[in-house]
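Here's the letter readout for the chains.
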Amino acid sequence: MTLTTFVTKSAFRNKRRSILTIGSLALMLTLLTFLMTIWRAFYIDNGSEQSTQRLITRHKVSLTFSLPIYYEQKMKTVPGVAAVVPTQWFGGRYIDDKPEHFFAQFATDPQEFFTVYTDFKIPADQLDAWQHDRAGVVVDNGLAKKFGWKVGDRIVLQGTIWAADLTLTIRGIYTPPQPTQSVYFDRKYLEEAVSVMKDQSGTFGILADSPADVPKVAATIDDMFHNSPQPTKTESEKAFGLDFVAMLGNVKAFILSICGAVVFTGLLVSANTMAMSIRERTREVAVLKTLGFTRKTVLSLFVCEGMVVAVIGGAFGLLFGYGLVYMMGHSPQMGFFQGLTVNWATMVAALALAATVGLVAALVPSYNASKVNIVEGLRYIG
Amino acid sequence: MAIPISYNIRNLKLRKGLTIMTALGIALTVTTVVFLMALLAGLRQAFVTSGDPLNVLVLRKGSNAELSGGFDASLFPTLKNLPGIAKDSHGEPLASGEWVVVIVLPRKDGTGEVNVTVRGMMPDGLELRPKVKLVPGQGRWFTPGQREVVVSESIHKRFANANVGDEIHFGKGPWKVVGIFDAGGSAYESEVWGDVNQMSSDFDRQGGFASAYLRATEAIAANTLKNAVSDDQRLKLDGMLETDYYAKQTSSGGPIKFIGYIVGFIMGIGSIFAAMNTMYAAVAYRSREIATLRVIGFSRPSILTSFVFESLVLSLLGGLVGIVLMLPFNGMTTGTSNQVTFSEVVFALRITPTVALSALVFALVMGFFGGLAPAWHAARQNILTALRG
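Notes on the structure in this doc start here. (Residues numbered from 1 in each chain as written. Chains lettered and ligands numbered in written order. Predicted model: local features only at pLDDT ≥ 70, side-chain atom pairs only at ≥ 80, totals over all residues.)

### A closer look at the overall build of chain A
When you go through chain A residue by residue, the secondary structure sums to 14 helices and eleven strands. The C-alpha radius of gyration computed for chain A amounts to 29 Å, which surpasses the reference 21 Å derived for 382 residues by more than 25%, pointing to a less compact arrangement than a globule. If you line up chain A on its principal axes, its C-alpha atoms span 95 × 45 × 35 Å. Taking all 382 residues of chain A together, the buried fraction comes to 42%. Once local pairs closer than 6 in sequence are excluded, the contacts in chain A between residues at least 24 apart make up 80%. (Helix = DSSP H or I, 4+ residues; strand = E, 2+ residues; numbered from the N terminus. Rg over C-alpha atoms; globule rule 2.2 N^0.38 Å. Buried ≥ 20, exposed ≤ 12 C-beta atoms within 10 Å, placed from the backbone. Contact = placed C-beta atoms within 7 Å.)

### Looking at the packing of helix α2 (residues 15-44) of chain A against helix α9 (residues 254-285) of chain B
The N-to-C vectors of α2(A) and α9(B) enclose an angle of 160 degrees; their axes lie 9 Å apart at closest approach. It follows from the interaxial angle that α2(A) and α9(B) lie roughly antiparallel. Seen along the crossing, α2(A) lies across α9(B) with a hand that is left-handed. Packed against α2(A), whose contacting residues are A:Arg16, A:Arg17, A:Leu20, A:Thr21, A:Gly23, A:Ser24, A:Leu27, A:Met28, A:Thr30 and A:Leu31, the element α9(B) presents B:Val263, B:Ile266, B:Met267, B:Ile269, B:Gly270, B:Phe273, B:Ala274, B:Met276, B:Asn277 and B:Tyr280 at the interface. Taken together, the residues of the contact of α2(A) with α9(B) break down into twelve nonpolar, six polar and two charged. (Axes fitted to C-alpha atoms, helices over the stretch in contact; angles between N-to-C directions. Parallel < 35°, antiparallel > 145°, perpendicular 65-115°, else oblique. Left-handed = near helix turned anticlockwise from the far one by under 90°. Nonpolar A, V, L, I, M, F, W, Y, C, P; charged D, E, K, R; others polar.)

### Examining the interface of chain A and chain B
The partner chain B presents 42 residues to the 34 residues of chain A that form the contact. Contributions of two or more residues to the side of chain A that touches chain B are made by α2, α9 (237-247) and α10 (251-280) of chain A. In terms of residues, the side of chain A that touches chain B owes the most to one element, α10(A), which gives twelve residues. In terms of residue class, the side of chain A that touches chain B is built from 19 nonpolar, 13 polar and two charged.

### What about the pairing of strand β4 (residues 113-121) of chain B?
All names here are of chain B. Of all nine residues in β4, eight are buried; the element is thus mostly enclosed. Direction of pairing for strand β3 (residues 95-106) relative to β4: antiparallel, over a ladder of eight bridges. Paired with Val-104 across the two strands is Asn-115, which belongs to β4. Across five bridges, β4 lies against strand β9 (residues 191-195) in parallel orientation. Bridged to Arg-119 within β9 is Trp-193. (Pairing = 2+ DSSP bridges.)

### Some thoughts on the nonpolar core
Ranked by size, the top nonpolar core spans 171 residues in total, and within it A:Leu31, B:Val34, B:Ala38, B:Leu214 and B:Ala359 carry the most contacts. A per-element tally of this core places helix α2 (residues 16-48) of chain B first, with 19 residues. Formed jointly, this core draws a minimum of three residues from each of two domains, domain 1 (5-48 + 251-388) and domain 2 (55-215) of chain B. Look past the residues within four positions of B:Ala359 in its chain and what remains in contact with it is B:Val30, B:Val33, B:Val34, B:Met37, B:Gly319, B:Gly322 and B:Ile323. A:Phe120, A:Val183, A:Met197 and A:Ile221 belong to the second-largest nonpolar core, a separate cluster that totals 43 residues. (Core = buried A, V, L, I, M, F, W, Y, C linked by C-beta atoms within 7 Å. Domains from an automatic or database assignment.)

### Side note on the packing of α9(B) against helix α11 (residues 300-326) of chain B
Residue and element names in this part refer to chain B. Where α9 meets α11, the closest approach of the two axes is 11 Å, and the angle between their N-to-C directions is 135 degrees. Considering their axes alone, α9 and α11 lie oblique with respect to each other. When the axes of α9 and α11 are compared, the crossing they make is right-handed. Contacts between α9 and α11 involve Ala-275, Met-279 and Val-283 from the former and Phe-307, Ser-311, Leu-314 and Ser-315 from the latter.

### Concerning the environment of B:Gly120
All names here are of chain B. Mapping Gly-120 onto the fold places it in strand β4. On the basis of neighbour counts, which here come to 29 C-beta atoms within 10 Å, the residue Gly-120 falls in the buried class. C-alpha of Gly-120 to C-alpha of Arg-107: the two residues are 13 residues apart in sequence and 22 Å apart in space. Aside from chain neighbours lying at most four places away, what touches Gly-120 is Glu-98, Trp-99, Gly-194, Asp-195, Val-196, Gln-198, Met-199 and Ser-200.

### Quick look at the pairing of strand β11 (residues 211-215) of chain B
All names here are of chain B. The buried count for β11 comes to five of five residues, which makes it a mostly enclosed element. Across the two faces of β11 the burial is the same, with Ser-211, Tyr-213 and Arg-215 and Ala-212 and Leu-214 all buried. Direction of pairing for strand β1 (residues 55-60) relative to β11: antiparallel, over a ladder of four bridges. Residue Leu-57 lies in a different strand from β11, and its bridge partner there is Tyr-213. The pairing of β3 with β11 spans four bridges and is antiparallel. If you follow Ser-96 over to β11, its bridge partner there is Tyr-213.

Written out as structure tokens, the structure reads:
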């Protein structure tokens, strides 16, 4: 019998116990995978390549104030700016107030929109149809699938910010690199319906020549409008998104504290199992030592055993976690999680974490076992 | 006959290490759940206490929040003269036309900027909200016609430049902070108040109001007043009770609730497995003892009950420790975004008796399911083999 088989055999000596421990650890790791994926989506991912090249400009005081449309022309003169497009949040109600009917709606300039959002793909004929219909709208492919929309369908958006209901005809379905949950229509149509929005736009999307230009472009634009009645705040698309995450509260501390509690619970569970299983085998340890196994070998045998159980639990947890994230990423009710998946880095991190938990949890009981006095150990009745 | 409870308690004491570790595992799960429930309880509290049953909020028809409202100021006198409105200290109808804007303020600890609601109100606005009081020794209310604001206590604590005498910059220039008010945990706890005329000119919104507040003489009159506003064809406005308006906003707790259910459910099952492990070990360790008990005459059901009971005691211990671990955080304030107004809601973690009780029930449920299978196993084991083992 090799040492590896010895470790595996001992790990499953008490099958029920090992399965329960693996189950418990697997559930903890499911949660960790889920939380790590959310963390990654918020703080680590930079989005698509083009996304790192884009900026968003808004009113410095608040998102609820709008900027004059002529800013677009001024921004285009800034060195490093490739294209600019106005975008205005409409915030209309589709069918009713249910969360599953919520999606973002923007009024924009159809001539410019796809020159900034270059990574959104749309067939040329659909783009042309949109540009020639003032009451036309292009929709995200995911949204179209969710609501069963086809090109030529009509949708009605009831205004909540302004007293205006818009009837729009779907002229195109675009495919973004990541789900956007958005629809875009012609700002001229909004201006007709809502006179106060004439020559106003809430935000501007900007495409820079390269990601390296982004900080410089942001600073130049904000300086340009610094002393005007409508000062601006320009930031990268990622930073703009993070502002919304920050609004949810202290999300970092929230996620970290839950993760902390989960990891610690996992530690306790596996330490408990190892302690129970080692205590039962006090006599066996004495036998091993009698046979000539050194303290070091005994120690490493038990630590490996703890790690084997933890890593198996971790692997199952990863599988469940993957399933959980997949389910949420594909459920129509979870707009927020749309398209979220577990990536390789998260998987490796989760398994490494599981192994560490197993290692740490096994250390103390294994050390105690390795110290067992042979004579006393042989006499031990458990 | 039932096995004495002291038998179980002594057993738990005998295997101290195991008991403590298992109880701690349950405790951590309970702590996490208490944390999430306390967040939700605090958030609910913030919205429930915000509305005053006598106040009627008036918005433009079709708009569902003060931020997305907006109607012509010429409608205000008509509103003010509707029947059923209480009189203010000058004998005038108690009503306030208001503007609400959202501005960005930097957090004191430098962790970024947060949207904060600024409310411009008429002098009656203060009289309309009798529950809101100035913090003693912390200044006075703003003077109408001056660039003065009062800030809530939590804004004072959480944001830079929010002390009496400081200046906050928004709109077209600086505003002097002249007082700090205590909103009693309501949603006003996250607001800055000032004079409506000053504010609307700062934000180029003269000639209109985002909302109006009317105070009814009594609770029944409030309902009539609400309908009078909504039914008046000239106005094209909607009236609603302030309490209803805020009750709708508790949906802001949705993401926390959602995460809470997932975390509670998964960690709960994980802890049940851990408790099962411990109880199986306890049963295996005592199999000869159990057989002896059976020989003496204790029945199978009483052995089953005894072990389930032991598991319940273990989990109760864990539950209590879990709640105690969370107690120091009771009252800690935090913020989240209000999904209706887009601004920050500040609320405190509240470990209410309901929260504590639900946490204990949660722990006991874990203990029950964790103990059931091992207890069943204990009750069913063969006496002879166990005695020989």
